[in-house]
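Single-letter residue listing:
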Amino acid sequence: MNDEIFALVRLQETDQGIGSLRTDIAALPKRTAALEEKLIWQRARVEQATKAIREEEHKRRSLESDLKDQQQKIAKFREQSSSVKTNEQFHALQHEIAFAESEISKIEDRELESMERSDELAKQLKASQQELADNSKVVEIEKESTREATEELRKRMTALEEDRARLRKQIEEDTLTRYDRIAGSRGTALARVDGQRCLACQMALRPQLWNEVRSGTLTPCESCGRLLYFDNEKPLEPDALPAKLKNKATAGA
Ligand SMILES: [Zn+2]
């Protein structure tokens, strides 16, 4: 393998490394996104419970004021009944008093119901606040670890980008143009040849093409268009061997 092909192979490895780092970096914020969404509706639940408790308190203040009105009415009717002249007037006032008393009893029932609701809401609020606090801690820890992981990946990315720039300087402009064009359309621009086959598309090479590749000429695969190279230092992969040779290679194992 000549120096330029060697640099190209390294460049492809570096580009693939950069690609997979990019995917990993993009995936990191998704880890915390779900937890943060949970945080939003947990906060909403705390707000709802707090609001409902305030509403119950407001209701009870209003009931308390109604209760005082009825008590004042009763006091007034009692005062009036001491100075009435007829039985009819007296009975009418007694009737008013009984009505006000039944109103008071209804108000007291409603107050009691409201207190029960408040107790229930206070329990809900406490539980929601606890869940929120717990999840907030989890989110903080998760965010910190995501931040650290991102920083680590960015460092690796910077190192790979430096490698990439250095490698590209070792390659002829024309070759780089071919490399970039094929990588842009195929994902990878180079394909290793093994067992006289292109390892990217598995197409067998004609003998003439195989000779060119073996001599170190960058020749495109007739099937997938990738630039073929042969690495005489890399051992043949058993899968790439013709069936006859494969049997021999695995017989000793
Ligand atoms: Zn091919």
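Scroll up to find the structure.
What this report covers is the structure whose coordinates are included nearby.

What counts and how
Residues numbered from 1 in each chain as written. Predicted model: local features only at pLDDT ≥ 70, side-chain atom pairs only at ≥ 80, totals over all residues. Heavy atoms only, no water. Buried < 20%, exposed > 50% of the residue type's maximum accessible area, 1.4 Å probe, protein only. Helix = DSSP H or I, 4+ residues; strand = E, 2+ residues; numbered from the N terminus. Pairing = 2+ DSSP bridges. Core = buried A, V, L, I, M, F, W, Y, C linked by side-chain atoms within 4.5 Å. Domains from an automatic or database assignment. Contact = heavy atoms within 4.5 Å. 1 Å grid on protein atoms, 1.4 Å probe; cavity = no way out; pocket = protein on both sides within 12 Å on 5 of 7 lines; lining within 4 Å. Points joined across faces, edges and corners; volume = space filled by probe spheres on them. Nonpolar A, V, L, I, M, F, W, Y, C, P; charged D, E, K, R; others polar.

Turning our eyes to something else, we now look at the pairing of strand β1 (residues 190–194). Within β1, five of the five residues are buried, leaving the element largely enclosed by the surrounding structure. Alternating residues of β1 divide into Leu190, Arg192 and Asp194 and Ala191 and Val193, and every residue in both groups is buried. With three bridges connecting them, β1 and strand β4 (residues 227–229) associate as parallel partners. Bridged to Leu190 within β4 is Leu227. Relative to strand β2 (residues 197–198), β1 is paired through two bridges, and the arrangement is antiparallel. Within β2, the residue paired with Asp194 across the bridge is Arg197.

So, about the nonpolar core. For soluble globular proteins, the rule of thumb is that nonpolar side chains tend to be buried together. With 16 residues, the main nonpolar core has Leu8, Leu11, Ile171, Tyr179 and Leu190 as its most contacted residues. Each of two domains, domain 1 (3–169) and domain 2 (173–251), supplies a minimum of three residues to this core. In contact with Leu11, not counting residues within four places along its chain, are Arg164, Leu167, Arg168, Ile171, Leu176 and Tyr179. In terms of nonpolar packing, the next biggest core, distinct from the first, is built from 10 residues, Val193, Cys198, Leu205 and Cys224 among them.

The subject of this paragraph is empty space enclosed by the protein. For the coordinates displayed, the defined rule picks out one cavity of 30 Å³ or more. For the largest cavity, the calculated volume is near 30 Å³. Around the largest cavity sit Met203, Ala204, Leu205, Arg206, Leu209, Cys221, Glu222 and Leu228, which together line it. Grouping the constituent residues of the lining of the largest cavity by class yields six nonpolar, no polar and two charged.

No statement about biological role is implied by the geometric values presented.
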